[in-house]
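Coordinates in review
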Amino acid sequence: MAQSGPKRRPIEKSGRPYKPTDRRIRLHQFEKENSRRRLILIFGATVLTIISGLIILGWYVQYYSPPRVKAAVVNDIRFSQGDLVKRVRMIQAAQDYRGESGTGFTDILRVLYNNDIDVSLGPFNLGMVQMELLKQGAPDYGINVTEKDIDRAIKALFTPNIPEGQDVSEDQIEREYLENYHSYLNFNRLTEDDYRRLAEEQLYFYRMREALGAEVPESSEHMEVSWISLPTRPDPSWGAQEKFMNVDVVEQRLQTEDFEDVALEFAVAFKYADTNGYVGWLPKGAFPGLDLMIFGGPDVDPIPHNETSPAIVNSGVYYFVRVLDGPKDMENSPLWIERLKDVTLETWLNDRFDKGTAEGWVEVKYDSEIYAWATEQLWQTAQQRRGDLEGS
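Residues numbered from 1 in each chain as written. Predicted model: local features only at pLDDT ≥ 70, side-chain atom pairs only at ≥ 80, totals over all residues. Heavy atoms only, no water.

**Some points on the pairing of strand S2 (residues 77-80)**
- Pairing between strand S1 (residues 70-74) and S2: four bridges, direction antiparallel. Residue pairing for S2: valine 73 is matched across the bridge by arginine 78.
- If you look at the hairpin formed by S1 and S2, you'll find two residues sitting between the two strands, and asparagine 75 has a positive phi there, around 55 degrees. (Pairing = 2+ DSSP bridges. Helix = DSSP H or I, 4+ residues; strand = E, 2+ residues; numbered from the N terminus.)

Written out as structure tokens, the structure reads:
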């Protein structure tokens, strides 16, 4: 007797699978097929949602979040990371920045808060925090910068000089002024609001400097000195920067070589001394970090005459000092009066910052990851500007 095998589904003559005629079977198969389709749709939607979420998260982390991260606070004024990048770009433009070198981590920190401030270099040497301290403290000295003040300052800068005897109408002067002003804004990619803010800051800077400088005395104690000054951040145009930064080597040379010979080698960095390092009669307070060494103090003897001091740092510069004569009470020369004005403003800014951080109304945030993002933004700006200049 032949064994019966498993029953196979009948095949229609057309060759297509057999479709059951029982309604309940067809309904069951239909529901099964719909369930499978729903599972596929749910899975696909889930995958798309995850992909979309990752894209949004990446956009948030890369583009949206970093510019809004807090960088500093002065009372009720909050500066974000985006504000910091914008500030650097504004300064680069205002100083006719050409994109020849990138802006590094240290430079960005100094734009936020410059702990080696040198007021003699002008308002752009102040960090954002220091400039805001200046603006907020100005009313205490009766200083207020108005929109008309800003208008006058901008017009004075961009109005062309008319040769004597040349007949030019007021309308033509106005047209040339506007053309110069807007050409500058367009070339440097600055909005008018951006530039007006820079102009306002410069006015606050110079007015506060003069107001605080009124405290500078007409005469003071002086010492006759020479020195060798070595900036901690030497200008690249001076040549090998390592020479200026290797303070120990200079100190060793001064033990065996003439002071004037060593000074001559570093004279390019001198601001107040001649090529031999001679400064002249220096008033007390012009370089506060050097006062104890030069003038002495309570329980501190000054350096003996004609001896070279060890390296002393003052506002980011190392000094080797020789006292030649003094002390002597003398009238402050115009050069030193201007220097003392700078020191007075620097001292005021440092005191305000210390007071604000101690009392909690000043806050500065340092974060290497955040600043790495800022550096990247500035590098891109430098590349864009270099491309513009090469293509022009």
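Structure's up, so let's keep going.
**Details of unusual backbone geometry**
- For the bond from glycine 326 to proline 327, the omega torsion is 5 degrees, close enough to zero to count as cis.
- By the secondary structure assignment, proline 327 is in strand S6 (residues 317-331).

**Some details on the layout of surface pockets**
- Here the second largest pocket defines a volume of roughly 250 Å³.
- Forming the boundary of the second largest pocket are Arg78, Phe79, Asp83, Lys86, Arg87, Met90, Met128, Met131, Glu132, Lys135, Arg197 and Glu201.
- When contributions to the lining of the second largest pocket are tallied by element, the ones reaching two or more residues are S2, helix H2 (81-94), helix H4 (128-137) and helix H7 (192-213).
- Classifying every residue of the lining of the second largest pocket gives four nonpolar, no polar and eight charged. (1 Å grid on protein atoms, 1.4 Å probe; cavity = no way out; pocket = protein on both sides within 12 Å on 5 of 7 lines; lining within 4 Å. Points joined across faces, edges and corners; volume = space filled by probe spheres on them. Nonpolar A, V, L, I, M, F, W, Y, C, P; charged D, E, K, R; others polar.)

**Observations concerning the sheet that holds S1**
- An order of S2-S1-S7 is seen for the three strands of this open sheet, with the pairing classed as antiparallel. Of all strands in the sheet, those bounded by a partner on one side alone are S2 and strand S7 (362-364). Neighbouring strand axes in the sheet, compared pairwise and without regard to direction, differ in orientation by 20 degrees on average.
- The pairing of S1 with S7 spans three bridges and is antiparallel. Looking across to S7, one finds that valine 74 is bridged to valine 362.
- Where H4 meets the sheet, its contacts fall on S1, S2 and S7, and the angle it forms with S1 comes to roughly 20 degrees. (Axes fitted to C-alpha atoms, helices over the stretch in contact; angles between N-to-C directions. Contact = heavy atoms within 4.5 Å.)

The quantities given are spatial measurements derived from coordinates; they are silent on function.
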